[in-house]
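Structural characterization, general
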Amino acid sequence: MTAASFAQERAWLASRFAAGTALYHVADQWPLHGDVSERQIRAALAAVVARHEPLRTGFRVVDGVLTAVVHDRVDPDVEVVDLSGRPEERQCEDREALADRLKHTAFDLSRAPLWRAGLVRLGAGRWRLLFVAHHAVCDAPSLFNLHAEIAEFCAAFEQDRAPHVPQLPVSYGDYARQQRDRLGGDGIAPLAGYWREQLAGLPPAHGLPLDLPRPARRSFAGAELRAALPAATARALAAAGRSGATPFELLLAGYAALVHRRSGRDDLVLGVPLSGRDRPELLPLVGTFVNTVALRIDASGDPSYAALVDRVRTVWRAARDHQEMPFQTVVEQLAPQRGPGLPPLYQLAFNVTAAEGFGPPSTAAEDDLLLEVSGMAVRLEYNTALFGRETAAGLLADYAAVLTAALADPATPLSRLPAGPGPEPGAAPAPPPGRVPPRTAAEALVARVWAEVLGVDRVGVDDDFFAAGGHSLQALRLLARLSSDHGVETTVDAFFANPTVAGLAAELDRCTTSHRHEQNDPEGETWQ
């Protein structure tokens, strides 16, 4: 057992909030051709699993620390379906139904392996391998590595030769330990100083008008819309790129301009994922390396689009230079105060993917909005608890219009770029409810430990741990304190489902009652 990597830790923690969704499942499917047999495909899977530790990993929380448990071997879950006698259209329907079921089946994160596969026979010499994994053990670049290695092992077995697969200079466990060592002690100080200065005094929310009131607890219900950018935009991106900005920076600046116009805000914060594979030895590994950086973009003074691109470029390149600081550690360092149901640091995300297309439509959303570009295709994933379809369609159309106009004339001030209506002035937030003090001994205990962990004076029974400034690592410490002090193992999932003093106290009482019955102890625990 070893401490999980920071990327594993974040994926594991984040999935606790979105329990019951496939938001943190990564999936792909690959054709396999030739005279390869089912036995050889299974042998290829076994060979790849033996090479990569994350495919044999489960997770446990030990003394408030997430620990990776790597097994010597695992029994993979491979479902074999023969569709070879069916018409092609029916084959496609049945294959996609299997892929959907595999993707939306939950993983028990304490049990390895955290992946599953479906093997579909389509006819003589035609197979389709469906693969689904939890994001705590696999990311998008890993899927490319897996496909290449499985195909090579299959070819090697079929041709009775040695496989040509890349050497792995380090294991994923080596990477996780080295990362923890580098960022331990004084190693994190320069990174922490940069992010504290860059993100100090962030606005609590993005300011885009919502169609629905933000719920007290985060919702991960989502939907998406897709569109194609105009052909002229591709030519304009190439031409504008000759000025020194990359297509990514130009596309990101267009999104920032849209948010500025729609929200009326000058201080913008956008979350952008980074692959985390910034060293050559990490490129062939299977695992999760992704980290997210919060980019703070200054749109004040009605700059031109060209000037905004310069600001975006400066912020983006500095963020890449400081990308190794894990997002959850940035949250821990800043401890931002935020309202109920509000994600920390940023709520709007942006990404440009190298993959061709977007895959199946999303039915969940981690962020309020995610704008993603692939080639000349763009999609907007939106949280349906906050935005309606009509608003999302307007935002997507406005992005294309803003980007097209800005690229056509980069000297255009942001105020003259086309965009829909901004927020209505004068809207006041609802006053917070009154604080209710602890009413039971269990609530008093939870409130006391809660206050110590968060460093606050007063805690009400309905206070939300995360809205009060807590982050996921502090939540694990809180649960570890309660468990170690009182000998009762409270569940992480129950707390993340209801992160209030009252909710955790009720869970503590439930666990204690169950423990008392098991021990035949009618007196039970007295909370102190």
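The coordinates are above.
So, here is what we can say about the structure in this document. Given the structure is predicted, the values throughout are model-derived calculations rather than measurements.

Another aspect to go through is the packing of aromatic side chains. All told, the structure shown has 12 aromatic pairs when counted by the stated rule. When the centroid spacing of 4.7 Å and the interplanar angle of 55° are considered together, the rings of Y175 and F289 count as tilted. Of this pair, Y175 sits in helix 5 (residues 172-182) while F289 sits in the loop between strand 9 (267-274) and strand 10 (291-298), and the two are 114 residues apart along the sequence. Taking the relative accessible area as the measure of exposure, Y175 reaches 4% and is therefore buried. Note on F289: relative accessible area 3%, which makes it buried. Consider the rings of F327 and Y346, whose centres lie 5.6 Å apart with planes at 75°: the pair is edge-to-face. Of this pair, F327 sits in helix 10 (residues 327-334) while Y346 sits in the loop between helix 10 and strand 11 (348-352), placing them 19 residues apart in sequence. Here the two residues F327 and Y346 agree in accessibility, since each one is buried. These aromatic residues form a ring-pair network of at least three members: F248, Y255, W316, F350 and Y399. Across the ring face of F107, the terminal group of R116 is positioned such that the distance to the ring centre comes to 3.8 Å.

The subject of this paragraph is the sheet that holds strand 4 (residues 65-70). In space, the three strands of this open sheet follow the order 1-4-3, with antiparallel pairing throughout. This sheet does not close on itself; its edge strands, each paired only once, are strand 1 (2-3) and strand 3 (57-62). For strand 1 and strand 4, the ladder comprises two bridges, and the chain directions are antiparallel. Bridge assignment links A3 to a residue of strand 4, and that residue is T67. Seen against the sheet, helix 1 (residues 6-17) touches strand 3 and strand 4 and runs at an angle of roughly 110° to strand 4.

The next point concerns the pattern of salt bridges. Inspection of the entire model under this criterion finds 24 salt bridges. R182 is the partner of E324 in a salt bridge, and the nearest nitrogen-oxygen pair spans 2.3 Å. Taken together, the residues span a long stretch of sequence, with E324 in the loop between helix 9 (305-321) and helix 10 and R182 in helix 5 at a distance of 142 residues. Residue R182 is classed as partly exposed on the basis of its relative accessible area of 31%. We note a salt bridge from D298 to R311, for which the minimum N-O separation is 3.8 Å.

Counting residues in each nonpolar core, the largest one holds 73 residues, and the members touching the most others are Y255, L308, F350, L369 and Y399. Here this core gets 10 residues from one element, more than from any other, and that element is helix 8 (residues 247-263). Residues L83, A117, A133 and V286 belong to the second largest nonpolar core, which totals 48 residues.

A few words on helix 4 (residues 140-159). When the terminal C-alpha atoms of helix 4 are compared, their 29 Å separation across 20 residues agrees well with the 28 Å that a helix rising 1.5 Å per residue should span. Turning to helix 4, its buried residues number three or more, namely S142, L143, N145, L146, E149, I150, E152, F153, C154, A155 and A156. Structurally, helix 4 contributes buried residues whose contacts are with strand 2 (25-33), helix 2 (38-51) and strand 7 (126-134). Backbone geometry just downstream of helix 4 places D160 in the positive-phi region, at approximately 55°.

Mapped onto the secondary structure, R261 falls in helix 8. A distance of 2.9 Å separates a polar atom in the side chain of R261 from the backbone oxygen of L417.

Bringing unusual backbone geometry into the picture now. Residue P113 follows A112 across a cis peptide bond; omega there is 0°. Residue placement: P113 occurs in the loop between helix 3 (88-103) and strand 6 (115-123). Located in the positive-phi region is D63, a residue other than glycine, with phi close to 55°. Relative to the helices and strands, D63 resides in the loop between strand 3 and strand 4. A positive phi angle, close to 50°, is found at D302, a residue other than glycine.

Below, the discussion takes up the sheet that holds strand 12 (residues 369-374). Pairing is mixed across the open sheet formed by six strands, whose spatial order is 8-13-12-11-9-10. In this open sheet, the two strands that pair with only one neighbour each are strand 8 (222-228) and strand 10. Along the sheet, successive strands turn relative to each other by an average axial angle of 25°, direction set aside. Across six bridges, strand 12 lies against strand 13 (residues 377-383) in antiparallel orientation. When the sheet's bridge partners are listed, V373 is paired in strand 13 with V378. Against the sheet, helix 9 contacts strand 9 and strand 10, and its axis sits at roughly 150° relative to strand 10.

With that settled, consider the pairing of strand 6. On a regular strand, each side chain points to the face opposite its neighbour's, so the side chains alternate between the two faces of the sheet. Summarising burial for strand 6: eight of the nine residues are buried, a large majority. For the crossover from strand 5 (residues 77-82) across helix 3 to strand 6, the handedness is right-handed. Summarising the sheet, strand 6 and strand 7 pair through eight bridges and their orientation is antiparallel. Counted as the bridge partner of V120 is R128 from strand 7. Linkage of strand 6 to strand 7, two consecutive antiparallel strands, is achieved through a turn of two residues, within which G125 is found at a positive phi near 70°.

Turning our attention to the environment of P190. By the element assignment, P190 lies in helix 6 (residues 189-199). A residue is classified by how much of its surface remains accessible, and P190, at 57% relative accessible area, is exposed. Sequence spacing of P190 and H322 is 132 residues, and the spatial spacing of their C-alpha atoms is 8.7 Å.

Attention now moves to the packing of helix 6 against helix 9. Helix 9 packs onto helix 6 with a crossing angle of 150° between their chain directions and a minimal axis gap of 11 Å. By the angle between their axes, helix 6 is roughly antiparallel relative to helix 9. The hand of the helix 6/helix 9 crossing is left-handed. Taking contact as the criterion, the partners of Y194, W195 and Q198 in helix 6 are, on helix 9, V315, A318 and A319. Split into classes, the residues belonging to the contact of helix 6 with helix 9 amount to five nonpolar, one polar and no charged.

Conventions adopted
Residues numbered from 1 in each chain as written. Predicted model: local features only at pLDDT ≥ 70, side-chain atom pairs only at ≥ 80, totals over all residues. Heavy atoms only, no water. Phe/Tyr/Trp six-rings, centres within 6.5 Å; stacked < 30°, edge-to-face > 60°. Helix = DSSP H or I, 4+ residues; strand = E, 2+ residues; numbered from the N terminus. Buried < 20%, exposed > 50% of the residue type's maximum accessible area, 1.4 Å probe, protein only. Lys NZ or Arg CZ within 6 Å of the ring centre and 35° of its normal. Pairing = 2+ DSSP bridges. Contact = heavy atoms within 4.5 Å. Axes fitted to C-alpha atoms, helices over the stretch in contact; angles between N-to-C directions. Salt bridge = Lys/Arg side-chain N within 4 Å of Asp/Glu carboxyl O. Core = buried A, V, L, I, M, F, W, Y, C linked by side-chain atoms within 4.5 Å. Expected span 1.5 Å × (residues − 1). Polar contact = N/O pair within 3.5 Å; in protein donor to acceptor, adjacent residues only side chain to side chain. Right-handed = clockwise from strand over helix to strand, strands pointing away. Parallel < 35°, antiparallel > 145°, perpendicular 65-115°, else oblique. Left-handed = near helix turned anticlockwise from the far one by under 90°. Nonpolar A, V, L, I, M, F, W, Y, C, P; charged D, E, K, R; others polar.

Don't take any of this as a statement about function, it's just geometry.
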